Amino acid sequence: MAGRKEEAFNIAVTHSEMESYASHATDLSSEEALRIAQYFEGKSEFGKAAIYYEKSGNVQKALKLFMQGGEEFLEKAIELVARVKQDALTRKLVDYLTEDSTPKDPIWLFRLYMALGNIRQAAIVAITIANQEQESGNYKAAHSILYQTTTDLRNQGTPIPYDLYQKLMILHSYLSVKRLVKMNEHEDAARLLDRVCKNISQFPAHDVTILTSAVVQATRANLKATAFNWSKVLMQNEYRNKIAPNYKNKIENVARKPVAEEIEDRKTPCPFCGVRNN
């Protein structure tokens, strides 16, 4: 505070109080920031060193040390690359986040592309993340990241990739079923479960449960052909022994009664033109 920066710096070094020095030193020159950065680097406090290398103007060294500092500093690395917008730095961080030797959570690559405004690449990564979450049964997490990406694409006026839209639609259909069942809207629940079951490979953690629900809801809605179709699938060897005991006999009975035709789906008028459509 008295302007005796050299003395203050020496005291900070002697008594390991560099954080106090740095927090009180306002309007750091690039030289002063460099000295602080070198001190923290010498102490192997790479994330802290990176902050002051950036202040000194050495963004390449800052990014290197942010990455060396580990996952704790990846957010700051992303912020740095997004601020600087240098292709070389972006490539370096992308390589770091995708290298096979030390695999990183793909959410970091997603956040990087979002920070850079590269929503199209973010969408590709979002699908990868959603696949991982979905395979683990984390459907709400998968839905959340797909919905966020879709919203950002729409806000930018960017066309939504077909794979992204389809995956979001299937997940949204599944997550809507429980609410519809509570409202006793069994036909709507059955229609949505029919859509989900046509993509049952996306739900490996709960495939039998979902197929069973599809049969139950279709039966309640009097959609006999749909109930028969999925009961027949459940009779396959890979699913049959996993059916819950309290549903097994009912599903076997449904599977014994083939139904060729289905009740036509209800149609509602288009809110824009009035034409009745699905």
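For the structure itself, look to the data block above.
Residues numbered from 1 in each chain as written. Predicted model: local features only at pLDDT ≥ 70, side-chain atom pairs only at ≥ 80, totals over all residues. Heavy atoms only, no water.

**Q** Explain the overall build of the protein residue by residue, including any values.
**A** The secondary structure content of the protein amounts to 16 helices and two strands. Along the first, second and third principal axes, the C-alpha set of the protein runs to 90 × 50 × 30 Å. Within the protein, the fraction of its 278 residues that count as buried is 40%. Long-range pairs, those at least 24 residues apart, make up 48% of the contacts in the protein with a sequence separation of at least 6. Counting every atom, the protein has about 16,400 Å² of accessible surface; 49% of that belongs to carbon and sulfur. Taking the 37 positively charged and 34 negatively charged side chains of the protein as two groups, their mean positions are separated by 8 Å. (Helix = DSSP H or I, 4+ residues; strand = E, 2+ residues; numbered from the N terminus. Buried < 20%, exposed > 50% of the residue type's maximum accessible area, 1.4 Å probe, protein only. Contact = heavy atoms within 4.5 Å. Areas by Shrake-Rupley, 256 points an atom, 1.4 Å probe, with all protein chains shown as cover. Lys, Arg positive; Asp, Glu negative; His and termini not counted. Charge placed at Lys NZ, Arg CZ, Asp CG, Glu CD.)

**Q** Break down the pattern of salt bridges for me, with residues and values.
**A** Following the criterion strictly, the structure yields 11 salt bridges and no others. Notably, a salt bridge pairs Arg 4 with Glu 7, separated by 2.5 Å at the nearest N-O pair. On the basis of relative accessibility, which here comes to 54%, the residue Arg 4 falls in the exposed class. Among the residues examined, Glu 7 registers a relative accessible area of 39% and is labelled partly exposed. For Arg 111, the salt bridge goes to Glu 75, with nearest N and O atoms at 3.4 Å. In this pair, Arg 111 is assigned in helix 8 (residues 106–116) and Glu 75 in helix 6 (residues 74–84), connecting sequence segments 36 residues apart. Three or more residues joined by partner-sharing salt bridges are found here, namely Glu 19, Glu 45 and Lys 48. (Salt bridge = Lys/Arg side-chain N within 4 Å of Asp/Glu carboxyl O.)

**Q** So, the packing of helix 8 against helix 9 (residues 119–135): which residues are in play, and what are the values?
**A** Two elements in contact, helix 8 and helix 9, have axes separated by 8 Å at closest approach and are oriented at 160 degrees. Between helix 8 and helix 9, the angle is such that the two are roughly antiparallel. Crossing hand, helix 8 versus helix 9: left-handed. Contact with helix 8, carried on its side by Pro 106, Ile 107, Leu 109, Phe 110, Tyr 113 and Met 114, involves Ile 119, Gln 121, Ala 122, Val 125, Ala 126, Ile 129 and Gln 132 of helix 9 and no other residues of that element. Within the contact of helix 8 with helix 9, the residues separate by chemical class into 11 nonpolar, two polar and no charged. (Axes fitted to C-alpha atoms, helices over the stretch in contact; angles between N-to-C directions. Parallel < 35°, antiparallel > 145°, perpendicular 65-115°, else oblique. Left-handed = near helix turned anticlockwise from the far one by under 90°. Nonpolar A, V, L, I, M, F, W, Y, C, P; charged D, E, K, R; others polar.)

**Q** Tell me about the nonpolar core, and please be specific about residues and values.
**A** With 81 residues, the main nonpolar core has Leu 93, Leu 146 and Leu 234 as its most contacted residues. Take this core: its biggest share by element is eight residues, from helix 9. With sequence-adjacent residues up to four places away left out, Leu 146 is seen in contact with Ala 126, Ile 127, Ala 130, Leu 164, Lys 167, Leu 168 and Leu 171. (Core = buried A, V, L, I, M, F, W, Y, C linked by side-chain atoms within 4.5 Å.)

**Q** Quick one: what's the story with helix 6, residue by residue and with numbers?
**A** Of all the positions in helix 6, only Leu 74, Ala 77, Ile 78, Leu 80, Val 81 and Ala 82 are classed as buried. Packing partners of the buried residues in helix 6 comprise helix 4 (46–56), helix 5 (59–68), helix 7 (87–98) and helix 8. Positive backbone phi, approximately 55 degrees, marks Lys 85, located one or two places after helix 6.

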